[in-house]
Amino acid sequence: MDDDETMRVLRSLLDLSPVPTGPPGRAIEQAVSAARWVRVDEELGELLADSADEPALAGVRGATGEATMMTYRFDDLTVVCEVGSEGLWGQIESGAAPPGLRLELVTPDGTATPLEVDAHGRFMVTQMPPGPVCVRCIRDERRAITPWFVA
Amino acid sequence: MHDVCDITTEDVVVAARNGDQGAWRELVRRHAGLVWTVARSSRLSRQDVEDVSQATWLLLAVHIHELKDPGAIRGWLATTARRESIRLARRRGLETLVDPQSAAVDQADATAVDAEALVLQGERQDRVRSAFLQLPDHCRRLLSLLLEDPPPSYEKISATLGIARGSIGPTRARCLDRLRKVIDL
């Protein structure tokens, strides 16, 4: 490769716009704002299972409103979250919530809404906020969140 | 110097994970287009694409400390955006998986291929940027000026860098030789 060709390649690579089909400004702002979660002093729940990982059949169109189910573990606590067209449904696998346990639905701006957990460890949110959410588990002064998901 | 040449992707990721807001903005600047393109690949609505994009960046924020290879962040972002897109597309009843034996070409797959190409292109960019950063300072300064569009005159380069006009061409040749020794362009 001669010098002129090398310069041409350099110019095309180093000057290439990193945003060839640009996202809107709002998406950029949201991406920039996500930085607030980089150094949050919270543990991350372990994702044990995710129905999105299950293979779909070739040639089959998914049923409209197909729910996805995710299972998270926080120490000895296992929480199942199912997201569908009707909102978020969840359950603490062991049944009743351990004493002192609180669950919250969290939005990217940090707003946390307490989740009401019934005697069987179930909770439900029918009016989901727009955008991604996560579930925070607060127990004995420890806080852990699930990974973010779109409801 | 071109600002895109100033710092490698690995350095940006490490700085971002240490809480450097500027580094995080640089990550977004470099990779927002990739995330957006991948998110669009499942024919989701505009709002859903926006949500997938936002979720991908939030997931990066909480997982950035776990990235074993900071230089592979484009692949991580593309995989994550694709995964979140598929999850949402399934829920919306949008996904049509094409039988690989079928001759039909799914537009979503075609877009996914474009996204993969973007990932490869980005990785090549990162390698070239990294090789560029290994050059001596005088090479980087000279080549950066020559890469401007349009490049300044040799007179202006001579005045800016304080080197003789007659040495610009030979210096350029030596610098490009050094670059080609560290990377196969």
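Everything below is about the structure printed above this text.
Everything numeric here is computed off the predicted structure, so don't read it as measured data.

*Asks:* I'd like to hear about the overall build of chain A, residue by residue, with values.
*Replies:* When helices and strands are counted, chain A shows two helices and eleven strands. Within the span of chain A, comprising 151 residues, buried residues form 44% of the whole. Partitioning the contacts of chain A with sequence separation of at least 6, the portion at a separation of at least 24 is 53%.

*Asks:* Hey, could you go over the sheet that holds strand S4 (residues 77-84) of chain A for me, with residue numbers and the actual values?
*Replies:* Residue and element names in this part refer to chain A. Strand order in this open sheet of five strands is S2-S3-S4-S5-S8, and the pairing throughout is antiparallel. At either margin of the open sheet sits one strand with a lone partner, and together these are strand S2 (46-50) and strand S8 (122-125). Strand-to-strand twist in this sheet, taken as the mean axis angle between neighbours without regard to direction, amounts to 20°. Judged from the seven bridges that link them, strand S3 (residues 68-74) and S4 form a sheet pairing that is antiparallel. When the bridges of S4 are listed, Tyr72 appears paired with Val79.

*Asks:* Give a detailed account of the packing of helix H1 (residues 9-17) of chain B against helix H2 (residues 21-39) of chain B, specifying residues and quantitative values.
*Replies:* All names here are of chain B. Two numbers describe how H1 lies on H2: the axes approach to 8 Å, and their chain directions differ by 135°. Put simply, H1 runs oblique to H2. Of the two possible hands of crossing, H1 and H2 adopt the one that is left-handed. Contacts between H1 and H2 involve Thr9, Val12, Val13, Ala15 and Ala16 from the former and Ala23, Trp24, Glu26, Leu27, Arg30 and His31 from the latter. The residue makeup of the contact of H1 with H2, split by class, is seven nonpolar, two polar and two charged.

*Asks:* Report on the pattern of salt bridges, specifying residues and quantitative values.
*Replies:* Applying the stated rule across the entire model yields 20 salt bridges over all chains. Among the salt bridges present, the one from Arg180 of chain B reaches Asp3 of chain A, with a minimum N-O distance of 2.8 Å. Within this pair, whereas Arg180 of chain B is found in helix H8 (residues 165-182), its partner Asp3 of chain A is found in helix H1 (residues 3-14), the two belonging to separate chains. For Arg180 of chain B, a relative accessible area of 23% puts it in the partly exposed group. Where Arg92 of chain B meets Asp48 of chain B, a salt bridge forms, and the shortest distance between an N and an O atom there is 2.7 Å. Placement of the pair is Arg92 of chain B in helix H4 (residues 73-92) and Asp48 of chain B in helix H3 (residues 46-63), with a sequence separation of 44 residues. Using a relative accessible area of 7% as the deciding quantity, one classes Asp48 of chain B as buried. Several salt bridges converge on common partners, so that one network encompasses Glu42, Glu104, Arg136 and Arg143 of chain A.

*Asks:* Which residues make up the packing of aromatic side chains, and what are the values?
*Replies:* Counted according to the given criterion, the structure contains two aromatic pairs over all chains. Note on Trp37 of chain A and Trp148 of chain A: the rings are 4.9 Å apart at their centroids and 75° apart in plane angle, and the pair reads as edge-to-face. With Trp37 of chain A in the loop between helix H2 (25-33) and strand S1 (43-44) and Trp148 of chain A in the loop between strand S10 (142-145) and strand S11 (149-150), this residue pair connects regions lying 111 residues apart in the sequence. When its relative accessible area of 4% is taken as the criterion, Trp37 of chain A is described as buried. A centroid spacing of 5.9 Å and a plane angle of 75° characterise the contact between Trp24 of chain B and Trp57 of chain B, whose relative ring orientation is edge-to-face. Taken together, the positions of Trp24 of chain B in helix H2 and Trp57 of chain B in helix H3 put the pair 33 residues apart, joining distant regions of the chain. Classification of Trp57 of chain B as buried rests on a relative accessible area of 0%.

*Asks:* Explain helix H7 (residues 154-161) of chain B residue by residue, including any values.
*Replies:* Residue and element names in this part refer to chain B. Three or more residues of H7 are buried, namely Ile157, Ser158 and Leu161. Each buried residue of H7 lies within a common arc of 100° when the element is viewed along its axis, so the set occupies one face. Exposed residues lying more than 90 degrees from the buried face of H7 are Lys156 and Ala159. The secondary structure elements touched by the buried residues of H7 are helix H6 (137-146) and H8. Just downstream of H7 lies Gly162, where phi reads positive at about 70°.

*Asks:* If you had to explain the environment of Ile145 of chain A to someone new, which residues and values would you point to?
*Replies:* Looking at the secondary structure, you find Ile145 of chain A in strand S10. We classify Ile145 of chain A as buried; its relative accessible area is 3%. As for Ile145 of chain A and Leu44 of chain A, which are separated by 101 residues in sequence, their C-alpha atoms are 5.1 Å apart. Leaving out residues up to four positions away in the same chain, Ile145 of chain A has contacts with Trp37, Glu42, Glu43, Leu44, Gly45, Phe74, Cys134, Val135 and Arg136 of chain A together with Val62 of chain B.

Definitions and cut-offs
- Residues numbered from 1 in each chain as written.
- Chains lettered and ligands numbered in written order.
- Predicted model: local features only at pLDDT ≥ 70, side-chain atom pairs only at ≥ 80, totals over all residues.
- Heavy atoms only, no water.
- Helix = DSSP H or I, 4+ residues; strand = E, 2+ residues; numbered from the N terminus.
- Buried < 20%, exposed > 50% of the residue type's maximum accessible area, 1.4 Å probe, protein only.
- Contact = heavy atoms within 4.5 Å.
- Pairing = 2+ DSSP bridges.
- Axes fitted to C-alpha atoms, helices over the stretch in contact; angles between N-to-C directions.
- Parallel < 35°, antiparallel > 145°, perpendicular 65-115°, else oblique.
- Left-handed = near helix turned anticlockwise from the far one by under 90°.
- Nonpolar A, V, L, I, M, F, W, Y, C, P; charged D, E, K, R; others polar.
- Salt bridge = Lys/Arg side-chain N within 4 Å of Asp/Glu carboxyl O.
- Phe/Tyr/Trp six-rings, centres within 6.5 Å; stacked < 30°, edge-to-face > 60°.
- Arc of directions from axis to C-beta.

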